[in-house]
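So the chains spell out like this:
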Amino acid sequence: MQFIDRAKISVKAGDGGKGKSAFRREKFIPKGGPSGGDGGRGADIVFVVDRNMNTLLDFRYHRKFKGKDGGNGDIKNMTGANAEPCFIKVPPGTLVKDAETGAVLADLTEVGQQAVIAKAGRGGRGNARFSNSANRAPTFAELGEPGESKELLLELKLLADVGLVGYPSVGKSSLITAVSAARPEVAAYHFTTLVPVLGVVQTDYEKNFVMADIPGLIEGAADGAGLGHDFLRHVERTRLILHLVDASGIEGRDPVEDYYRINAELKKYSEKIASRTQILVANKMDLPEAAENLPRLEALAEKEGIRIFAVSAAARQGLKELVDYVGETLEALKEEPQEKTEEVRVYDASFETAEEDAVTITRNDRADFIVSNKALEKLVAMTNFGNDEAVRRFQYIWRMKKIDALLKERGIKEGMTVHIGDMEFEYRE
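About the cut-offs
Residues numbered from 1 in each chain as written. Predicted model: local features only at pLDDT ≥ 70, side-chain atom pairs only at ≥ 80, totals over all residues. Heavy atoms only, no water. Buried < 20%, exposed > 50% of the residue type's maximum accessible area, 1.4 Å probe, protein only. Helix = DSSP H or I, 4+ residues; strand = E, 2+ residues; numbered from the N terminus. Pairing = 2+ DSSP bridges. Right-handed = clockwise from strand over helix to strand, strands pointing away. Core = buried A, V, L, I, M, F, W, Y, C linked by side-chain atoms within 4.5 Å. Contact = heavy atoms within 4.5 Å.

Taken across its six residues, strand β13 (residues 278–283) has six buried, putting it largely inside the fold. Where strand β12 (residues 240–246) meets β13, six bridges bridge the pair, whose relative direction is parallel. Considered in β13, the bridge of H243 is made with L280. Here four bridges tie β13 to strand β14 (residues 307–310), and the two strands are oriented parallel to one another. In the sheet register, A282 faces β14, and the bridge partner there is A310. The β-α-β motif built from β13, the intervening helix α6 (residues 288–304) and the parallel element β14 has right-handed crossover chirality.

Here is the structure:
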């Protein structure tokens, strides 16, 4: 199966439904009041962790997701239907980032975990909601609020308890094959494993742990060389590192030097990863050359204060002791607390009660004026400019925010162009 661990997608939450402008027209009630209902809320974009997914392959073919819009309001104060959330299934270990800012929106690790990534727009209010003592028969209603749209980067980091690290061809694939049901491709050439492989290892005391055979590391990986960050990304989540070296050195490399070089790459990429508990595994002990290097490796382990196991994955020697010790060590290790991710912004129920954010006025390349203010931009999106009464309400709020005065301070003249959100208009005194 193909393994895809990064994807770029776009999401658009549903727009709110339109509010209705209507009046009661019933027998014996000649002057019925306004009775237009509110629009329904659109569909949120919600990411949910699915136990049946283990790659991001689906997002290679499906890159755009859009939530349904809310239902429109109707006569007799009938509210439009709210749209059901749009659920997007992802595998455990998925990191959701904003493609523009790089901000982490969600870190999804547990099966069933959910996160609202794009908030839907609320429904526009019907004309019945605007009736007051000064205006008993308003003829306007709001349009629905637009839902959020975002460009997202998805990254999958393997959720494994144990990560196998080491240079290519040191026997990582052979080891995971020997201790689990995983069957990665094994051959006598470098980079046989090009994608991470997970295997579940059963211990004697009726417990198990997940081991990841991760693509081989080379010098410069922390700077992106070779498989580089593709390798190191997956080491981040492992709780314990099995550091494999080829004790035989038959490929012309010194296993002691290999140990130090790989740890230098880990430290260069992340101090947090480099500080994780390591177990040194001297593999290929069935080869005669390995016996010559074993004393040096044992001295290394003593110097570094780590345990060493001499094994032969190919001959299935010394594996039971290694697996038992790994299981015991994992039991003793405490779970690291997950880093907090940024909370997804939630819109207030109404722009008129939302916290006031500063109004900023800038100029574009054409010397047009651009008015930036979240409440005003939302007001523009929800105003029906085809209705005179709705336009008068917009102009009233415009004056209340003293936008004219701010524009004059910036030197606006009659006939110049002003932009607010998606609206563009010509300035008139």
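Next comes the rest of the description.
As a further point, take the pairing of strand β5 (residues 94–98). Summarising burial for β5: four of the five residues are buried, a large majority. Sheet topology note: the β5/strand β6 (residues 104–108) ladder contains four bridges and is antiparallel. Opposite T94, over in β6, you have L108 as the bridge partner. Count of turn residues in the β5/β6 antiparallel hairpin: five residues, of which G102 carries a positive phi of about 80 degrees.

Turning to the nonpolar core, a few remarks are in order. Within the largest apolar cluster, 33 residues are counted, with the highest numbers of intra-cluster contacts made by L175, M211, L242, L322 and V326. For this core, the elements supplying multiple residues, two or more each, are β9 (162–165), α2 (172–179), β11 (208–213), β12, α4 (255–269), β13 and α7 (319–332). What L322 contacts, discounting residues up to four positions off in sequence, is L175, L242, I279, V281, F309 and V311. Formed by 25 residues, the second largest nonpolar core is a distinct cluster that contains V49, M53, I88 and A118.

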